[in-house]
Structure formats: structure tokens, C-alpha cells
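Residue strings, one per chain:
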There are 2 protein chains.
Amino acid sequence: MQAGKPILYSYFRSSCSWRVRIALALKGIDYETVPINLIKDGGQQFSKDFQALNPMKQVPALKIDGITIHQSLAIIEYLEETRPTPRLLPQDPKKRASVRMISDLIAGGIQPLQNLSVLKQVEEKFQLTWAQNAIISGFNALEQILQSTAGTYCVGDEVTMADLCLVPQVANAERFKVDCTPYPTISSINKRLLVLEAFQVTHPCRQPDTPTELRA
Amino acid sequence: MQAGKPILYSYFRSSCSWRVRIALALKGIDYETVPINLIKDGGQQFSKDFQALNPMKQVPALKIDGITIHQSLAIIEYLEETRPTPRLLPQDPKKRASVRMISDLIAGGIQPLQNLSVLKQVEEKFQLTWAQNAIISGFNALEQILQSTAGTYCVGDEVTMADLCLVPQVANAERFKVDCTPYPTISSINKRLLVLEAFQVTHPCRQPDTPTELRA
């Protein structure tokens, strides 16, 4: 292991960055934040320096143990393998499969379709509907899946990687004015998670790069 | 473990199904294929029966050990944990991180943007450009990443989950007429993988549901 604190390249509002912030908080890993503003200067993720770090030009990226990892779930799986306590994946392989299935559904099946770079390619007047459709179609499936996997949280009664994906995605749903009343399971799990400290301190309204008017 | 062969719900042309077919072939797991035609009858994935199996209305889904898993990477991780030989993830956590980063880049950053259900939402005359843009922007990043991770294959000299994502994505690139000459690393890894038996027998041109005119 290399000396020095891990560095998280993050944007306060990025749901993928938030997933990783929660993992770092739950595992009690001290880190520095380098904010990458996805809007300012035409998007700081397009700078030469950042592209050298992540050719996908996306946050988050985590410098840790002498390597740089991007893709939020790959980062979380690495943290889980190298800092296993508290665990974010259950011990039982079938339950681990449920956690990964839900995580991939959100991280691969919903978020990529409503992220900034994709919405920019859609005509402005259709952007909101586009984002809402992606979220609604994913949440219809997710609500049904959670009805068979959930306990207190997404899979059973322990906080897992799936929960780290759920809360930021529900926040996106609210930003895009999706009516969440058809999703009572999603909504109640989200509510139970939001009161936990690791979800609170990592919230977009409490980051070093949160603009003053959005702070809480 | 429950008796009976695993059942893979698959579509010959689906790149996500192909990933799983390669994993099953490499690990020597005998399975039955239930073809789900994504085009016929307005899309068999929308049938009531299939929706009960996968509320996301997507292939692949795998019935195995008494559970049904969807999301291709979640399926592959489950196979890896329950049938570890030959391994599809390296032992070193840093290399595992590279494998998952590349897999997520393809499975979350490229494929979802060019899949059928998304293209249907784009005006027909823009569909090809939309798909090409998604692939080109992902491949630009991937080519750069592979230059530092690749040996014979995507990460080092062993076939990993990343390779299971690469080959089907290159096939999609070809279908969408993306010029792959700017991607010499991607192209040469793809060529080395395509000659392996597990990639050959699982190829879209050799599936139970491959239409006669596309067979090879």
C-alpha cells in the first residue's frame, strides 16, 4: 500500500460519486475530495489533466493504493475486497447475486440513460421526458424485484452495495420530478437509509463543492 | 443446489447474452437455451411470462441453483463465486479492479446507450449516428485504458470477464459500421479472443435461435 490519503474526484450532484462517498463513509476511510465541476468551464471533466486520469471523462475516479479506479461499482468492489469491514456484500452467494443484480440494474439500466452527457444529445424539450422514462421503466422493474429481496434495506437487513445505488437514484428521480408514489418499497427503503449517518454526511447538499444556495 | 440443468434465456444477437454464454462455455457448465426473440411478436421479452422472470424485460436471465439472476455481470460474478474454475477474475485485487472497470465501462457506459430499447426512442434517421457516437466515445476511452492493462487479453494474459464484454461489443461496433482502425489494441485483443473455442461456439451465428440466413 502507498502512503497518503485516497483522493476522490467527485461532483457534489453526481449520483455515481455519491455511491462511492457512501462506501468510503461506511468503511471509515479518510479521503480527500477533488471537485470536478461537470458544468463550469464547459465541464472540467474534459480538461487534459482529468482525461489523463479517466479517459471516460466521468466522475467518480478514486486514487488509492497507487492505482486509479473509475466506474463506481468497480471502485466499491475494490474497497470491499481490500477493506472488508463493514461488508457491503452479504456472505451468501445467492444474496450477493441479488445485490449485484440490483446494483447493475440501477448503474447500468437506469443512470446511464439519464446522465448529463446523454441528455445533452436529446432535443431540449424532450430531455425531461427522456430522463423520466428511463427512471420510470427502471423503477417499475426495481419495485417488483425489491418486493422479493428486501428486508429493512434492498437485500435483507444489512446495508449493501445495492443501497448505495438506490438512494442516489431516488434523488435523481426527485430532481427529474418523477412521482414515486407507485413505488412504496423503493420509497420506504430510501427513507430508512437516508437517516443513516453515512448517507447524510455524503449527501450532495453537504459536499465541499456544494454551491451555497444548495447547502443544507 | 437444485437438480436440473441451468436455463439461459437468451437472444442470439444480444451482446449481453453472449457475455454469459462465453462464461458458461469457459466454465464447462451444461445448460439449456430458451430463446427470447426481441423482435418477433413485438418482442417476446414483453410477454407476461417473461416479465415475471425478469421485470426489466431484458435478456439474459439465468435460472440456476433454484434462483433466477438477470444482469449479465451479476450472473458472471455468481458463476465465478460458485464455479471458480477456470477463474474469470484475477487473484490480485488491483487487477480485479481493472477487469471490473473495463467490464463496467462496456456494460454500463457503452452497451446501454446503443441497445434496441433506447434506439427505438431516437428518431429513425438519427439511430445509426446515435449508436456510433456511444460506441466511438466508449472505445476512445477503452483503447487508452487497454494500453496500460492489456497483455494477450484485456488484463494481462488470462481471459477475464473484461474479455467476455469486449468481443460482443466489438461485434456490435461492426454491426453499426464503426471504423475500428483507430483502435488497434481493441482490435488485436478481439482477434486473439475470437479464435478461442468458448468464443466460437457461443457466437451469435451459431445459436439455436440464429436464423438460417445468418448461420455460419
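Because the structure is predicted, anything quoted here is derived from the model rather than measured.

Rules used throughout
- Counting restarts for each chain: residues are numbered from 1 in the order of the written sequence.
- The order in which chains are written sets their letters, starting at A; the order in which ligands are written sets their numbers, starting at 1.
- Predicted model: local features are reported for residues with pLDDT of at least 70 only, side-chain atom pairs are reported and counted for 80 or more only, and whole-chain, interface and lining totals are derived from all residues.
- Here the side-chain values reflect all heavy atoms present in the structure, with hydrogen atoms and water set aside.
- Between two residues, a contact is recorded if the distance between any of their heavy atoms is within 4.5 Å.
- Joining two parts hides part of their accessible area as seen by a 1.4 Å probe, and the buried area is that hidden amount summed over both.
- Think of a polar contact as two N or O atoms within 3.5 Å of one another; within protein, one of them needs to be a possible hydrogen donor and the other a possible acceptor, and neighboring residues in sequence only count if both atoms come from side chains.
- Helix and strand assignments come from DSSP, with helices taken as H or I runs of at least 4 residues and strands as E runs of at least 2, each series counted from the N terminus.
- Residues are grouped as follows: Ala, Val, Leu, Ile, Met, Phe, Trp, Tyr, Cys and Pro are nonpolar; Asp, Glu, Lys and Arg are charged; all remaining types, including Gly, are polar.
- In this analysis, strands are considered paired if DSSP registers two or more bridges between them.
- Axis angles are defined between N-to-C directions and span 0 to 180 degrees, where every axis is a line fitted to C-alpha atoms and, for a helix, only to the segment in contact.

**Q** How would you sum up the interface of chain B and chain A? Please name residues and give values.
**A** Contacts between chain B and chain A engage 37 residues on the former and 37 residues on the latter. For the pair chain B and chain A, the summed buried surface comes to about 3,200 Å²; carbon and sulfur atoms form 68% of the total. Where chain B meets chain A, there are 8 residue pairs in polar contact (both at pLDDT 80 or more). Looking at the side of chain B that touches chain A, the elements that each hand over two or more residues are strand 4 (67–70), helix 3 (72–82), helix 4 (93–109) and helix 6 (127–149) of chain B. In terms of residue count, the dominant contributor to the side of chain B that touches chain A is helix 4 of chain B (10 residues). The residue inventory of the side of chain B that touches chain A, partitioned by class, reads 18 nonpolar, 12 polar and 7 charged.

**Q** Lay out the sheet that holds strand 2 (residues 32–35) of chain A in plain terms, naming residues and giving numbers.
**A** Residues and elements named next belong to chain A. The sheet built from 4 strands is open, its strands ordered 2-1-3-4 with mixed pairing. Every other strand in the sheet has two partners, leaving strand 2 and strand 4 (67–70) as the edge strands with one partner each. If you compare each strand with its neighbour and ignore which way they point, the axes differ by 20° on average. In terms of strand pairing, strand 1 (residues 7–10) meets strand 3 (residues 61–64) through 3 bridges, oriented antiparallel. Looking at strand 3, one finds that I7 is bridged to K63. Against the sheet, helix 1 (residues 15–26) engages strand 1 and strand 3, with an angle of about 150° to strand 1. Strand contacts of helix 3 (residues 72–82): strand 3 and strand 4, with the helix running at about 130° to strand 4, the strand carrying the most contacts.

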